[in-house]
Amino acid sequence: MRTSYKKEDVVFLLKDITGMVEPQPAKEREREIQAGRHYSEMLPVEYVPSPGYMEAYQEALKHYARPVALAVGALAEKIIKKRGRQVVLVSLARAGTPIGILLKRYLAQKYRLEARHYSISIIRGRGIDKNAMKWLLEACRPEDLLFVDGWIGKGAILGELKKAVLDFPGVSSELAVVADPANVTELCGTHKDILIPSSCLNSTVSGLVSRTFLREGVIGKDEFHGAVYYGELEHADLSYGFIEAIEKEFEFCQTAQEGEQPKDGVGMEEVKRIAQEFGISDINFVKPGIGETTRVLLRRVPWKVLVSQDCKDDRSLGHILRLAEEKNVPVVYCPLKHYKACGIIKNLADA
C-alpha cells in the first residue's frame, strides 16, 4: 500500500486500489447508504478544505498538541504496565494510524523499545480484515497484538472487535485509544472528549490513505481490504506536521494518569437519549464526540450539530463551528454529559 508515512513508522496491510474505484460526492454516497448499500463499498471524494477551515485546524494543532501528547504518554504508560515490552501495535486504519505512530515513537524514546506497528482494516457491519489477521498471526504471537484507534465515539468499533476476535484464539479485543468519552475502555489516555487535531482532516493527516474499502469484484477473497492513495494531494500533506507537533510536547517523566474519574454510565445511553429527543429511529445517524462530529461534517450529509451548553466558548470546537457555518448546518446548544459535541446525519428520506 502506497502511503506518505515511512516504512519504519507503520506497515499497512491493505490492497492498493488506486484508480480502480471512482470516488463519489457526499450526497450521492449518503443516498446509497440510506438505501441499504454498505458504506465500505464506496469512497468519498477527498479535497483540500477551505483556507478558513485550514486556519482553524492550525489553531487547533497549536492549542491542543500538548493535551494530546500528555494523553498519548498516559496511554503508552498503561500499555507498558499492562502488556509489557513484547506488545505489537495494530492500528485500525485510518484514524488509529497516526496514534499508533505516536505510541511507537513515545515507547522508542522513553523505553528504547522498537515496537512493531501495523495498520489493518475493520469495518462496522463487515468485521475485521481476516486475511490481515492471518498474516499477523503468522508473524506475531496472538497475545502480543494490541488494537489501537484514535478515539471512541459510542463504541461501535469496539463491539465489532469483540465479535471479530472470537475467530482468533488468544487475541484480545481490548482497544487502546487516546480519548474514550464513552467510558468503555480502561486503556485510554483520557475519558474526556478532547480534540485530537488529526480528526479535523481526512487523508491529508493520515498518510494520504483513504478510508478502507471492501467490495466484491475489487477485493478478492484472499486479499486484504483496500484503500486508495491520494497522490494528487501530496502538495497538501500534513501527516508528519501533525506527528511532529505532538511529539515535541511529549513528557517522559509522566506515568499513567491516575485519579481521573470517568462520568457515570456509558456513552451509548446518551446516544439513545439524543435519538429519542430528536426523533431519530436509527442510532447510526447519531455520531457523538468531537472526532465523530467532525467526520459527519467532512464526509456525510449533516442535519444538525449539537454542542454542549457548557462548551459555548470552548476553543476545541472552533473547527466544528467553522465547518457547520460553511455548510449551513444548524448548531443546537443543549445539555450533553459525556461529549462536547454530537453530529447528526440527515435522513435523506425526509429531505
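To be clear, the structure that these remarks concern was listed above.
Cut-offs used in this document
- Residues numbered from 1 in each chain as written.
- Predicted model: local features only at pLDDT ≥ 70, side-chain atom pairs only at ≥ 80, totals over all residues.
- Heavy atoms only, no water.
- Pairing = 2+ DSSP bridges.
- Helix = DSSP H or I, 4+ residues; strand = E, 2+ residues; numbered from the N terminus.
- Axes fitted to C-alpha atoms, helices over the stretch in contact; angles between N-to-C directions.
- Contact = heavy atoms within 4.5 Å.
- Salt bridge = Lys/Arg side-chain N within 4 Å of Asp/Glu carboxyl O.
- Buried < 20%, exposed > 50% of the residue type's maximum accessible area, 1.4 Å probe, protein only.
- Right-handed = clockwise from strand over helix to strand, strands pointing away.
- Parallel < 35°, antiparallel > 145°, perpendicular 65-115°, else oblique.
- Left-handed = near helix turned anticlockwise from the far one by under 90°.
- Nonpolar A, V, L, I, M, F, W, Y, C, P; charged D, E, K, R; others polar.

### Some details on the sheet that holds strand β11 (residues 286–288)
Strands in a sheet are paired, the pairing made by backbone hydrogen bonds, and the direction either parallel or antiparallel.
Next up, step 1: Strand order in the open sheet formed by 4 strands is β11-β14-β12-β13, and the pairing between neighbours is mixed. What marks the edges here is a single partner per strand, and that holds for β11 and β13 (331–334). Neighbour-to-neighbour, the strand axes of this sheet turn through a mean angle of 25 degrees, independent of strand direction.
Next up, step 2: Here 3 bridges tie β11 to strand β14 (residues 341–345), and the two strands are oriented antiparallel to one another. Looking at the pairing, Lys287 lines up with Gly343 of β14.
Next up, step 3: Set on the sheet, helix α9 (residues 318–326) makes contact with β12 (302–308), β13 and β14; between it and β13 the angle comes to about 140 degrees.

### Topic: the pattern of salt bridges
Any two side chains of opposite charge can pair if their charged atoms end up close together.
Next up, step 1: The final tally for this structure, using the stated rule, is 25 salt bridges.
Next up, step 2: Arg105 is the salt-bridge partner of Asp9, the closest N and O atoms lying 3.0 Å from each other. Remark: Arg105 occurs in helix α3 (residues 96–111) and Asp9 occurs in the segment before β1 (11–12); sequence separation between them is 96 residues.
Next up, step 3: Owing to a relative accessible area of 5%, Asp9 belongs among the buried residues under this scheme.
Next up, step 4: Each member of the salt-bridge network shares a partner with another, and the members are Glu32, Arg37, Glu41 and Arg126.

### A short note on the environment of Gln86
Next up, step 1: Relative to the helices and strands, Gln86 is located in the loop between α2 (51–83) and β3 (88–92).
Next up, step 2: Note on Gln86: relative accessible area 51%, which makes it exposed.
Next up, step 3: Non-local contacts of Gln86, meaning those with residues more than four positions away in its chain, are made with Arg141 and Asp144.

### Focus on the pairing of β3
Next up, step 1: Taken across its 5 residues, β3 has 5 buried, putting it largely inside the fold.
Next up, step 2: The alternating pattern of β3 places Val88, Val90 and Leu92 and Leu89 and Ser91 on opposite faces, both of which are buried.
Next up, step 3: In this structure, β3 lies alongside strand β7 (residues 145–151), joined through 4 bridges in parallel fashion. Bridge pairing in β7 links Val90 to Phe147.
Next up, step 4: Sheet topology note: the β3/strand β4 (residues 117–120) ladder contains 4 bridges and is parallel. Bridge pairing links Leu89 to His117 in β4.
Next up, step 5: Taken together, β3, α3 and β4 constitute a β-α-β crossover, and its handedness is right-handed.

### Some points on unusual backbone geometry
Next up, step 1: In this structure, Arg94 follows Ala93 across a cis peptide bond, with omega equal to 5 degrees.
Next up, step 2: Turning to its location among the elements, Arg94 is positioned in the loop between β3 and α3.
Next up, step 3: The residue Asn183 is not glycine, and still its phi comes out positive at about 65 degrees.
Next up, step 4: Tracing the backbone shows Asn183 in the loop between β8 (175–179) and β9 (188–190).

### Here we look at the packing of α2 against α3
Next up, step 1: Between α2 and α3, the shortest axis-to-axis distance is 10 Å and the interhelical angle comes to 70 degrees. Our classification of the angle between α2 and α3 gives roughly perpendicular. At the point where α2 passes α3, the crossing takes the right-handed sense. From α2, Val72, Gly73, Leu75, Ala76, Glu77, Ile79 and Ile80 reach across to α3, where they touch Leu102, Leu103, Tyr106, Leu107, Lys110 and Tyr111.
Next up, step 2: Across the contact of α2 with α3, the residue classes break down as 10 nonpolar, 1 polar and 2 charged.

### Observations regarding the environment of Pro197
Next up, step 1: Looking at the element boundaries, Pro197 is found in the loop between β9 and β10 (226–227).
Next up, step 2: Judged by relative accessible area, Pro197 falls into the buried class, the value being 0%.
Next up, step 3: Placed 129 residues apart in sequence, Pro197 and Val68 show a C-alpha to C-alpha distance of 8.5 Å.
Next up, step 4: Those residues in contact with Pro197 that sit more than four places away from it in its chain are Tyr57, Ala60, Leu61, Tyr64, Val68 and Phe242.

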